[in-house]
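Structural characterization, general
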Protein chains: 2
Amino acid sequence: MNLKELSAILGLSQTTVSRALNDYPEVNEATRQRVKAVARKNNYRPNTRAKGLATGRTLTIGHVIPVSTRHEIVNPIFADFIAGAGEIYSRNDYDMLLSVVADVDEERVYRELASRRSVDGVIVHGPRENDPRIALLQEVGLPFVVHGRAGTGDSGYSWVDVNNRRAFERATNFLLDLGHRRVALINGVETMHFANRRRAGFVTALENRGLRPDPALMRSEEMTEYFGFRAAHEMLSGPTPPSAFLISSMITAIGVRRAIGDLGLKLGRDVSAIIHDDELSYLRNGEEVPIFTATRSSVRHAGQLCAEMLLDIIRHPGQPPAQKLLEADLTVGMSTGPAATPD
Amino acid sequence: MNLKELSAILGLSQTTVSRALNDYPEVNEATRQRVKAVARKNNYRPNTRAKGLATGRTLTIGHVIPVSTRHEIVNPIFADFIAGAGEIYSRNDYDMLLSVVADVDEERVYRELASRRSVDGVIVHGPRENDPRIALLQEVGLPFVVHGRAGTGDSGYSWVDVNNRRAFERATNFLLDLGHRRVALINGVETMHFANRRRAGFVTALENRGLRPDPALMRSEEMTEYFGFRAAHEMLSGPTPPSAFLISSMITAIGVRRAIGDLGLKLGRDVSAIIHDDELSYLRNGEEVPIFTATRSSVRHAGQLCAEMLLDIIRHPGQPPAQKLLEADLTVGMSTGPAATPD
DNA sequence: GAATCAATCCAAAGCGCTTTGGGTACTGAA
DNA sequence: TTCAGTACCCAAAGCGCTTTGGATTGATTC
């Protein structure tokens, strides 16, 4: 069922039918109702591609999901982010085009999205330090919003980010206030800008108390469960183990907890831990009382904000870039307690 | 840069340029090379929508991701499945269109995908018992592959599934062989067909040994960490606790392990557990030695298989439906041991 | 030398929609 | 009665591509 057939049924021109369906004023209200009724009855829906060709807009947003080539890992926060963004898209009759791409191919894919005109805009995931994708997108003139920041020229493009630096500074201070002096940082890969900022917050807090960050207590890798396990196990088995951990993700923290348990220690008593909690839907941080003390910021909500911002940019071009910095809550759970041997 | 401009530059007709780029035989090899070189230099790429309109194919596959309305949960296996499928798509120059949709709206979305002709085919996720989507897709004539099965008329459509029944029967037998008699099942929602089959395998194994499944030891809910924690905590605190668990997912198992730890018990010694491991990239089941004894089947691989099957169906229509039943490995890890008090 | 054929290329139609630039009929005012 | 104005509708162009149905050329065959 296409427009031609539908207008034949109605005995009207394609023009009128199209205008009736798209709520243009130059069509009689009675005929509009009739058109809509018949369209519904015949289950008519305009062909996406034809509409896109004619209007120049695709009503589609692109997401490029990088998959680490070295470790073949899909970022676990991605599902919830997508869920948040997808909600906004369907509410606004937009579609989402997903490209799962080896991180080395990313640039090519962005270029293709632009030159093939298959999307009206894109969300940039996982920005790295000085991420080249930003200049690239500006060059090709494709509207975009970055989930996170790249660390330079951040006022020149639109983004939604968590105040990672402050969150980790506060979390570190919280541990220091409990008397912990040997605090370990189990961080994400620090070519990612967010991980960089988290470390900066951690280091700042230590230095403000006159403590020197110990390189042996700082690890940075892809945030898997096993990384958390291995890092914590090694540190805790070392000569001067940490009494507290600052951990960049819930998944990694699960590995840390496993290591603590395997060594016969108890989380929250023998060892403290604060995590960053993205509020993943399938990995809630407990129910009544949080399992982990955490800096908390919903990645799903971030997805919604990114999508809304991008749609706004697409609908009102020529505006200055928008930015949104979210503050993370610091919620106290059962994974922290006073240091065993205060100075 | 579009075809018209490109052919103007080349001094050729659009026909010839189009044919040169699409490797049609009726164009001189020398001109083909020249066309391709100039196209590359000018960064030309055909407009997706125009191409789709002209050919009638979209080179796009739809995925409809249901989000549970009641619990707002995104299935955690989805990211890895998508990664597997996406790999195949990009290798074949296909795009992936994602709709994140409240489960109650699913039918509408499938209908729209079909009538708006925005995809060449779809993957059906999370089939429920007698899932109505299958009849719907057959009715509207949209090619599809189901990840899983619906439990009836399974020979009438294409699917890729794990032999869940056998996997859970084998896992149960493994526990029974170790002397366990009170085995608990912590399952996914049993309106999902896969969960149903897993329970069937579990029950069959028990009954073959003359044991009666105890309803108090069978739980079925959305597979979150907290569900695992709560279920295990309650069962283990009860009057006749289980000595072993059969757990439908890694995430839930993490909750079970937390409950076991909180109760001062040790996994693999005091309590045994076998999980089903989807080999999620960010939640590997250990490295050298598996953390959990597990029935194992890569969901990422399933994603690849579904995508390949669907592309094949699209390219060779009229074939009988294809099916692929994957057998899960049973790998022994550190979470199982003999029952403490054999009969 | 004429006819046949393969190799190359092209003009134009068509995919299904939106939108431009009128047309027609009816109204009320002059 | 005429004219401008409005409300409503339509034919046709155009979005950027593929594909049909030739046209042209040069080589080959008889």
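Residues numbered from 1 in each chain as written. Chains lettered and ligands numbered in written order. Predicted model: local features only at pLDDT ≥ 70, side-chain atom pairs only at ≥ 80, totals over all residues. Heavy atoms only, no water.

For the rest of this paragraph, the subject is the nonpolar core. Among the nonpolar cores identified, the biggest contains 117 residues, and L98 and F245 of chain A together with L98 and F245 of chain B are the most heavily contacted of them. For L98 of chain B, the residues in contact, after removing those within four places along its chain, are I82, M96 and L98 of chain A together with H63, I65, F78 and I82 of chain B. One finds L97 of chain A together with L113, V122 and L142 of chain B within the second-largest nonpolar core, a separate group that totals 38 residues. (Core = buried A, V, L, I, M, F, W, Y, C linked by side-chain atoms within 4.5 Å. Buried < 20%, exposed > 50% of the residue type's maximum accessible area, 1.4 Å probe, protein only. Contact = heavy atoms within 4.5 Å.)

Least-squares fitting of chain B to chain A yields an RMSD of 0.2 Å, with the superposition described by an axial translation of 0.1 Å and a rotation of 180°. Each copy turns onto its partner about a two-fold axis. Mapped onto chain A, 100% of the interface residues of chain B are again interface residues, and the two copies thus contact each other with one and the same surface. (Least-squares fit on C-alpha atoms with pLDDT ≥ 70 in both.)

This part is about the sheet that holds strand β12 (residues 329-331) of chain A. All names here are of chain A. A sheet is described by the order of its strands in space; here six strands give the open sequence β7-β6-β8-β9-β10-β12, paired in mixed fashion. With one partner strand each, in any of the chains shown, β7 (218-220) and β12 form the two edges of the open sheet. Looking at each pair of strands side by side, their axes are set apart by 15° on average, direction ignored. Judged from the three bridges that link them, strand β10 (residues 293-296) and β12 form a sheet pairing that is antiparallel. Counterpart to R296 in the pairing with β12 is D329. Lying on the sheet, helix α9 (residues 193-208) is in contact with β6 (183-187), β7, β8 (244-247) and β9 (272-277); it crosses β6 at an angle near 170°. (Pairing = 2+ DSSP bridges. Helix = DSSP H or I, 4+ residues; strand = E, 2+ residues; numbered from the N terminus. Axes fitted to C-alpha atoms, helices over the stretch in contact; angles between N-to-C directions.)

Residue and element names in this part refer to chain B. Here six strands make up an open sheet; going across it, the order is β7-β6-β8-β9-β10-β12 and the pairing mixed. With partners counted over all chains shown, the strands left at the sheet margins are β7 (218-220) and β12 (329-331), one partner each. Within this sheet the neighbouring strands show an average axis-to-axis angle of 15°, counted without direction.

As a further point, take the protein's contact with DNA strand C. Around DNA strand C, 28 residues are found, and the nearest of them are L3, S18, R19 and Y24 of chain A together with T15 of chain B. Of all atoms in DNA strand C that approach within 4 Å of the protein, 61% are sugar or phosphate atoms. Measuring from a base oxygen of DNA strand C, one finds a side-chain N or O atom of R19 of chain A at 3.5 Å. Residue A54 of chain B places a main-chain N or O atom 3.4 Å away from a base oxygen belonging to DNA strand C. Elements with a contribution of two residues or more to the surface near DNA strand C: α2 (14-21) and α4 (48-55) of chain A together with α2 (14-21) and α4 (48-55) of chain B. In terms of residue count, the dominant contributor to the surface near DNA strand C is α4 of chain A (five residues). Residues of the surface near DNA strand C, tallied by class, amount to 11 nonpolar, 13 polar and four charged. (Near = heavy atom within 4 Å. Polar contact = N/O pair within 3.5 Å; in protein donor to acceptor, adjacent residues only side chain to side chain. Nonpolar A, V, L, I, M, F, W, Y, C, P; charged D, E, K, R; others polar.)

Okay, the pattern of salt bridges next. Any two side chains of opposite charge can pair, on the condition that their charged atoms come close. In total, this model carries 52 salt bridges over all chains according to the counting rule given. Close ionic contact of R111 of chain A with E139 of chain A constitutes a salt bridge, the shortest N to O distance being 3.6 Å. Taken together, the positions of R111 of chain A in helix α6 (residues 106-115) and E139 of chain A in helix α7 (residues 132-140) put the pair 28 residues apart, joining distant regions of the chain. Linked through salt bridges whose partners overlap, the residues forming this network are R45 of chain A together with D105, R108, E112 and R116 of chain B. (Salt bridge = Lys/Arg side-chain N within 4 Å of Asp/Glu carboxyl O.)

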